[in-house]
Amino acid sequence: MSEVDDLVAKIMSELNGNGGTATKTPTTDTASSEPNLTAKDFPLFRKHPDLVKAPSGKQLKTITFQDIVDGKVDSKELRIAPSTLRMQGKISAGAGRSQIQNNFQRAAELTGVPDDRLLEMYGALRPFRSSKQDLLDIADELVNKYNAPICSNWFKEAATNYEKHQKLKGDN
């Protein structure tokens, strides 16, 4: 097992043991207008194609390949919408897969973060790349600029755990 794998395993062990905030499901759903879904609603697009929409709100079933070729549909419309990710999370929860639901919730939050910034944030999580304050600043950015509290908590916990395990910038 590599040093990074070992660190991740230790952090996950601690989170699972102490109820870390990064693995908790938020108590309120930001999209209350979304239907209650269960495992019976999987696969979502086949069972409820009217619910799956592009980021602009256009129903995905109305987008054709010809629309794309003709430039009538922007490539950004082909990205997954946060509402779709949250609905997939509800389906996962209905199937007893709460960890997958958490992954969908984090992904839904991250759809609002520009790709280049997201890659920078992931790079900052590599051991010895960031100071504790760097990680806390990213946590603050995630919650205040992108309304991503779950992901923000991951960075806060990373800051604490990296400090504890001496994985911050300058510790090597």
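That block above? That's the structure.
On a plain count of helices and strands, the protein comes out with 8 helices and 0 strands. Going from N to C terminus, the protein has its helices and strands arranged as α-α-α-α-α-α-α-α. Across the 172 residues of the protein, 34% fall into the buried class. Residue pairs at least 24 apart in sequence account for 60% of intrachain contacts in the protein once pairs closer than 6 positions are excluded.

This part covers the pattern of salt bridges. If you walk through the whole model with that rule in mind, you get 4 salt bridges. Between Arg117 and Glu120 there is a salt bridge, with the nearest N and O atoms lying 3.0 Å from each other. One end of the pair, Arg117, and the other, Glu120, are both in helix 6 (residues 115–124), 3 residues apart, so they sit about a helical turn from each other. As a salt-bridge pair, Glu163 and Lys132 come within 2.8 Å of each other at their nearest N and O atoms. A residue pair is termed long-range when its members are at least 10 positions apart, and Glu163 in helix 8 (residues 149–164) and Lys132 in helix 7 (residues 132–145) qualify at 31 residues. Its relative accessible area of 43% is what places Glu163 among the partly exposed residues. According to the relative accessible area criterion, Lys132 is partly exposed, its value standing at 27%. Through salt bridges with shared partners, a single network forms among Arg117, Glu120 and Glu141.

Assignment of secondary structure puts Gln88 in helix 4 (residues 82–94). Excluding its chain neighbours within four sequence positions, the residues that come into contact with Gln88 are Leu44 and Phe104.

Moving on, we get to unusual backbone geometry. Of note, the amide linkage connecting Phe42 to Pro43 takes the cis form, showing an omega dihedral of -5°. When you line up the elements, Pro43 lands in the loop between helix 1 (3–18) and helix 2 (44–47). At Asn147, a residue that is not glycine, the phi angle is positive and equals roughly 50°. Within the secondary structure, Asn147 sits in the loop between helix 7 and helix 8. Residue Asn147 is classed as exposed on the basis of its relative accessible area, which comes to 54%.

This part is about the packing of helix 4 against helix 5 (residues 98–110). Between helix 4 and helix 5, the least distance of the axes is 8 Å, while the angle of their chain directions is 170°. Regarding the angle of helix 4 to helix 5, the classification is roughly antiparallel. Between helix 4 and helix 5, the residues in contact are Pro82, Leu85, Arg86, Gln88, Gly89, Ser92 and Ala93 and Ile100, Gln101, Phe104, Ala107 and Ala108, respectively. Residues that form the contact of helix 4 with helix 5 fall into these classes: 7 nonpolar, 4 polar and 1 charged.

The rules behind each value
Residue indices follow the written sequence of each chain, beginning from 1 at its first position. For this predicted model, a pLDDT threshold of at least 70 governs which residues receive local features, and a threshold of 80 or more governs which side-chain atom pairs are given and counted, while totals over whole chains, interfaces and linings are taken from all residues. In computing side-chain values, all of the structure's heavy atoms are included and hydrogens and water are not. Working definition: helices are DSSP H or I runs of at least four residues, strands are E runs of at least two. Numbering for both runs from the N terminus. A simple rule labels every residue: compare its accessible area, found with a 1.4 Å probe on the protein chains alone, to the largest value its type can have, and call it buried under 20%, exposed over 50%, or partly exposed in between. Contacts are residue-level and defined by heavy atoms, with any inter-residue pair within 4.5 Å sufficient. Note on definitions: salt bridges are taken to be side-chain nitrogens of Lys or Arg within 4 Å of carboxyl oxygens of Asp or Glu. Whenever a helix is involved, its axis is fitted only over the stretch in contact; in every case the axis is a line through C-alpha atoms, and angles between N-to-C directions fall within 0 to 180 degrees. Here the angle decides the label: under 35 degrees means roughly parallel, over 145 means roughly antiparallel, 65 to 115 means roughly perpendicular, and every other value means oblique. Residues were grouped as follows: Ala, Val, Leu, Ile, Met, Phe, Trp, Tyr, Cys and Pro as nonpolar; Asp, Glu, Lys and Arg as charged; and all remaining residues, including Gly, as polar.

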